[in-house]
Amino acid sequence: MQAKIIVAGSRIIAKRPYRGSTKYKDERVLDKAFEVYRAEMKWVWSQIEQFLEEQADEGGPFHKEAPTEIQIVSGAADGVDQAGEHWQKEHPIHEDRLGRQSLTSLKRFPAEWWKNGRSAGMLRNQEMARYADMALIIMRGDSKGSLDMAARMRRMSKPCKVVRVGPSVEIE
């Protein structure tokens, strides 16, 4: 069994800092920017791990049988999508708390802005929702794209967990 999981959301992660950027002339500022970036990335990774464990709980789709493959489905955007892609690269084999192992893979759905203009993001969301089995969406505020993705998954009666990040974390 293959599990196709969308990992998406609004840009809650700072863009990855680069050495040589005019923005980071001071090494200490660059080091601090890397520290913040790594911490935010690790937090998203912890949300992915928690989501996978919830699917293995009693009543979850992975309770009786772990998937042979977990495919991370990404919209290829900065932020949460990028963190999901990095998680997959760092975890080619996922082991759940029962010791069951699943291979991981990645499927990217980049928006075709040059072809579809302003509707490209929503068209991509539609394609991803049709393709995937479930979704983990992490967002700050009311991101139109993230809200659209959650609505599409729910209309298709597919599991969708939304984590809202702000002054506090809310889980829907």
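That block above? That's the structure.
Bear in mind the structure is a predicted one, so any value in this text is a computation, not a measurement. (Residues numbered from 1 in each chain as written. Predicted model: local features only at pLDDT ≥ 70, side-chain atom pairs only at ≥ 80, totals over all residues. Heavy atoms only, no water.)

Asker: Explain the nonpolar core residue by residue, including any values.
Answerer: The biggest cluster of nonpolar side chains holds 21 residues, and the ones touching the most others in it are I5, I48, L52, F62 and I138. The biggest single contributor to this core is helix α1 (residues 27-56), with 7 residues. With sequence-adjacent residues up to four places away left out, I48 is seen in contact with V7, G84, W87 and L136. Of all hydrophobic cores here, the second largest spans 15 residues; its members include F109, M128, A132 and M149. (Core = buried A, V, L, I, M, F, W, Y, C linked by side-chain atoms within 4.5 Å. Buried < 20%, exposed > 50% of the residue type's maximum accessible area, 1.4 Å probe, protein only. Helix = DSSP H or I, 4+ residues; strand = E, 2+ residues; numbered from the N terminus. Contact = heavy atoms within 4.5 Å.)

Asker: Which residues make up the pairing of strand β6 (residues 160-165), and what values do they have?
Answerer: Sheet faces and side chains relate simply in a regular strand, where the side chains alternate between the two faces. Of all 6 residues making up β6, 6 are buried, and the element is well covered by its neighbours. A two-sided burial pattern is seen for β6, the buried positions comprising C160, V162 and R164 on one face and K161, V163 and V165 on the other. Bridge count between strand β5 (residues 134-140) and β6: 6 bridges; the pairing is parallel. Of the residues in β6, the one forming a bridge with A135 is C160. Traced from β5 through helix α5 (residues 144-155) to β6, the parallel crossover comes out right-handed. (Pairing = 2+ DSSP bridges. Right-handed = clockwise from strand over helix to strand, strands pointing away.)

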